[in-house]
Amino acid sequence: MNAANAASGLHNISGIATQGYMYAQQPNAPVQSKGADAKYQGQMLYARLNSSANTPGAYGAAPGAGNMGAAGGHAGSNVGGQTMTDGDSEALYQLMVELFSATNREQALAELSRRRDQNPDLGVALWNAYGVMTILYQEIIAIYPLLNPPALTMPVSNRVCNSLALLQLVATHEQTRMQLLKANVPQLLYPFLSTTSKAKQYDNLRLTSLGVIGALVKYDSHEVISFFVATEFLPLCLKIMDIGSELCKVVATFIFQKIILDDGGFHYVTSHPKRLHTVLVILNNVVNQMVAMPSGRLLKSVTKCLIRLADNQKAKEEMREGMSEHLRDSTFAHVLAEDVSYRRLIYQLLVKLA
């Protein structure tokens, strides 16, 4: 990947998979050239971190943000109620530089992930910095051989989850969200979502991957939903809704809800009888599984999905006959008693099916 492509945010994913970096790099082996190019890259990284938070109208930048480049090194900008100083930007810049060292990369990923709320434009800096996105892709692809048969350890899982957390910053930012999508980067996460091991290291991997996708779909973009429909994400989402942990179920159901709220996603689910039947069966399974361990958040998400699906006549007829009785009887009475918004949702659903 050359500098021109990196600067424009065009990342060649197919080429990344064939490169020989991965974890086999020699300690401290640089990913890019030394000398003037590296010096220029360092200057560009720091300039990006300094300028992005002060761009007028920048995402998340507080009105009246100060000049981070002011003399004396004490000036800062207000970000999320906190002051961004030159020292903060310098620290983030240094951590990004350390990503190019195989020895320091794991610690740099962990620290960048921990500090990801310090600068609302860190996602933009990551995307535009030469070589940084390639490193994140390498971290993700490197563990594919550990997925099947399951051989993933917790430290390796944590390392990749830190990379995914940084990827979520790119997915969240309005300036980079669609570029990430157009580069087909979310598909790099599908192998993680297809795993079935219930070990914590795999569950963390699925949950963080869902977080990246959730960050993309929450803005109700038809183009985003069309991407996930076209790339066959829905079966992976439904599987996690059915067999995942509670947190994974919550996020996966939220994503599914966003998909069917879009007209294109709704048509995709309801236009094929077998597909619609499968969706309704899985939603019933989720409800039935909550009898032993109720979850108010998950219950509300499932109910919202059923309300939306009831807009389709075939779905409505099938739900009248086969919807879980636990939504009609007193199984979740304690949730109804504690949550007024859930009572309204259940009432809305029952009125629709009447």
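Just above sits the structure.
This is a predicted model, so every value here is computed, not measured.

About the criteria used
Residues numbered from 1 in each chain as written. Predicted model: local features only at pLDDT ≥ 70, side-chain atom pairs only at ≥ 80, totals over all residues. Heavy atoms only, no water. Helix = DSSP H or I, 4+ residues; strand = E, 2+ residues; numbered from the N terminus. Contact = heavy atoms within 4.5 Å. Areas by Shrake-Rupley, 256 points an atom, 1.4 Å probe, with all protein chains shown as cover. Salt bridge = Lys/Arg side-chain N within 4 Å of Asp/Glu carboxyl O. Buried < 20%, exposed > 50% of the residue type's maximum accessible area, 1.4 Å probe, protein only. Phe/Tyr/Trp six-rings, centres within 6.5 Å; stacked < 30°, edge-to-face > 60°. Lys NZ or Arg CZ within 6 Å of the ring centre and 35° of its normal. Core = buried A, V, L, I, M, F, W, Y, C linked by side-chain atoms within 4.5 Å.

What follows deals with the overall build of the chain. Counting secondary structure elements, the chain contains 20 helices and two strands. Here the contacts in the chain between residues at least 6 apart in sequence split such that 70% fall between residues at least 24 apart. Split by element, the accessible area of the chain, about 16,000 Å² in all, is 54% carbon and sulfur.

With that settled, consider the pattern of salt bridges. Across all of its chains, the model carries twelve salt bridges by this definition. A salt bridge links Asp 203 to Arg 206; its shortest N-O distance comes to 3.7 Å. On the criterion of helical spacing, the pair formed by Asp 203 and Arg 206 is a turn pair, its members being three residues apart in helix H11 (residues 200-217). Since its relative accessible area comes to 15%, Asp 203 is described here as buried. Close ionic contact of Lys 258 with Asp 220 constitutes a salt bridge, the shortest N to O distance being 3.0 Å. One end of the pair, Lys 258, is in helix H14 (residues 246-261); the other, Asp 220, is in the loop between H11 and helix H12 (222-230), with 38 residues separating them in the sequence. Given the relative accessible area of 14%, Lys 258 is considered buried. Take Asp 220: its relative accessible area is 54%, and that puts it in the exposed class. Salt bridges here are not isolated pairs; linked through shared partners, they connect Arg 105, Glu 106, Glu 139 and Arg 159.

On to the packing of aromatic side chains, then. Under the criterion given, the structure shown has four aromatic pairs. Here Tyr 144 and Phe 192 contribute two aromatic rings whose centre-to-centre distance is 5.9 Å and whose plane-to-plane angle is 75°, an arrangement assigned as edge-to-face. Taken together, the positions of Tyr 144 in the loop between helix H7 (132-141) and helix H8 (154-172) and Phe 192 in helix H10 (residues 190-193) put the pair 48 residues apart, joining distant regions of the chain. Clustering of aromatic rings is evident, with ring pairs tying together Tyr 190, Phe 227, Phe 228 and Phe 233. Over the ring of Tyr 219 we find Arg 177; its NZ or CZ atom is 3.7 Å from the centre of that ring. The residue whose ring lies beneath Arg 275 is Tyr 268, and the NZ or CZ to ring-centre distance is 3.9 Å.

This part covers the nonpolar core. Within the largest apolar cluster, 97 residues are counted, with the highest numbers of intra-cluster contacts made by Leu 167, Phe 228, Phe 233, Phe 256, Leu 309, Met 319 and Leu 327. Among residues more than four places away in sequence, those in contact with Leu 309 are Ile 260, Phe 266, Val 269, Thr 270, Leu 276, Val 279, Leu 280, Leu 283, Ala 315 and Met 319.

Taken by themselves, the reported measurements are silent on function.
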